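The primary structure of each chain is shown beneath.
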Amino acid sequence: MSATPGLAERVKAVARGLGFDLVGIAPAEPSERTRFLSHWLARGYGGELGFLARRAGEREDPRCVLPGARSVIAVAIVYARSAAAEPHAPGAGAIARYARGDDYHEVMGRRLESLADALAPLAGRAVHALAYVDTGPVMERAHAARAGLGWIGKNTCLIHPALGSWLFLGVVLTDLALEPDAPEPDHCGSCRACLDACPTDAFPEPYVLDATRCLAYATIELAGAIPEPLREAQGARVFGCDVCQEVCPWNQPARRSVPADPLGLGTRLDAREGWSAPSLAWLLELDEDAWQRATVRSALRRVRHRALVRNALVAAGNSGDDTLVPSVRRHAEGPDALLAEHARWALARLADPL
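The structure displayed is predicted, hence computed values, not measured ones.

Colleague: I'd like a description of the sheet that holds strand β7 (residues 167-174), backed by residues and values.
Modeller: As summarised here, the arrangement of the four strands in space is β1-β2-β7-β4, forming an open sheet in which the pairing is antiparallel. The two strands at the open ends of the sheet, each matched to only one other strand, are β1 (22-27) and β4 (129-132). Neighbouring strand axes in the sheet, compared pairwise and without regard to direction, differ in orientation by 20 degrees on average. Sheet topology places β1 next to strand β2 (residues 71-78); six bridges connect them, and they run antiparallel. What sits directly across from Ile-25, in β2, is Ile-73. Helix α1 (residues 7-17) rests against β1 and β2 of the sheet, and its axis sits at about 145 degrees to β1. Sitting on the sheet, helix α5 (residues 104-123) touches β2, β4 and β7, and the angle it makes with β7 is about 30 degrees.

As structure tokens, then:
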């Protein structure tokens, strides 16, 4: 079945009307990038991300997710709209920019469902469609790159030539035959900024990330101990790491062109009060109930309270701030063996051994 003339443009117009900053279309089929997943996993770079292997076949071929799929509609919304350089505040923790505002799953999810619901009226027939925002067995970045939303850079992020890489991605799989867009060429050239700036050397080669050495993986995905070789490099980070994006030339304010935000989606993704640089003293004293109240409808819920305190203990050990010693010592003497071990490490760093 050939693509209906003009249908793809009508679909894109609806997507833009829903507030998406970018939209493109790719064929729903395996690609070199989706097939690379099995090789990446075989090299052990996925660490404890077992969910990737469990449905690897679906991730490689979207037709295994939606039988009869013909097209992938890929969309993006800009976040970190004012991503200027941020001097570190003493005694504060660092939160990845994507998790400082409202949960992007919620901000994007309902609009993607609305886009999926609009396909049948646009096509004039029954349509099968599934929408995903980092929630299903779909490789959004690979499809977004093939749909022309940008290229996948040496830091493995999708980079748009005008918007940079501070982008949330989502896709709609559909059995509609839609005219695909041309991919964006790779513009990284000889640049090595992201590779050289990574504090843990997490890129064994350009375009390949070893998640087991990535601070985002260590602070968010790991349930157990932060590996000791990574702790000093973690610095003040308590949730994620933005270094490879912060140094990217395509993200510098002079080059980046942030679009208008008529529906206020970008505002919802802006940092909530207190979450740009939360006090380590506050995080170390935060109990489970306070954590739940502070993270309502936030992507910070990706980590459990215990893991956040673990991360804050490492950051405290790296801070050089001896006013944190009483809070750290409380965890060192507490009943949680994982937190106690990280607290002892922090005390040793703060020159106050237990």
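Colleague: Tell me about the nonpolar core, and name the residues and values.
Modeller: The nonpolar side chains of a soluble globular protein tend to be buried with one another. Residues Ile-73, Leu-115 and Val-328 are the most contacted members of the largest nonpolar core, which totals 90 residues. At eight residues, helix α14 (residues 305-319) tops the list of elements feeding residues into this core. Among residues more than four places away in sequence, those in contact with Val-328 are Leu-284, Leu-313, Ala-316, Ala-343, Ala-346, Leu-347 and Leu-350. Within the second largest apolar cluster, 23 residues are counted, among which are Val-138, Ala-144, Ile-152 and Leu-158.

Cut-offs applied
- Residues numbered from 1 in each chain as written.
- Predicted model: local features only at pLDDT ≥ 70, side-chain atom pairs only at ≥ 80, totals over all residues.
- Heavy atoms only, no water.
- Pairing = 2+ DSSP bridges.
- Helix = DSSP H or I, 4+ residues; strand = E, 2+ residues; numbered from the N terminus.
- Axes fitted to C-alpha atoms, helices over the stretch in contact; angles between N-to-C directions.
- Contact = heavy atoms within 4.5 Å.
- Core = buried A, V, L, I, M, F, W, Y, C linked by side-chain atoms within 4.5 Å.
- Buried < 20%, exposed > 50% of the residue type's maximum accessible area, 1.4 Å probe, protein only.

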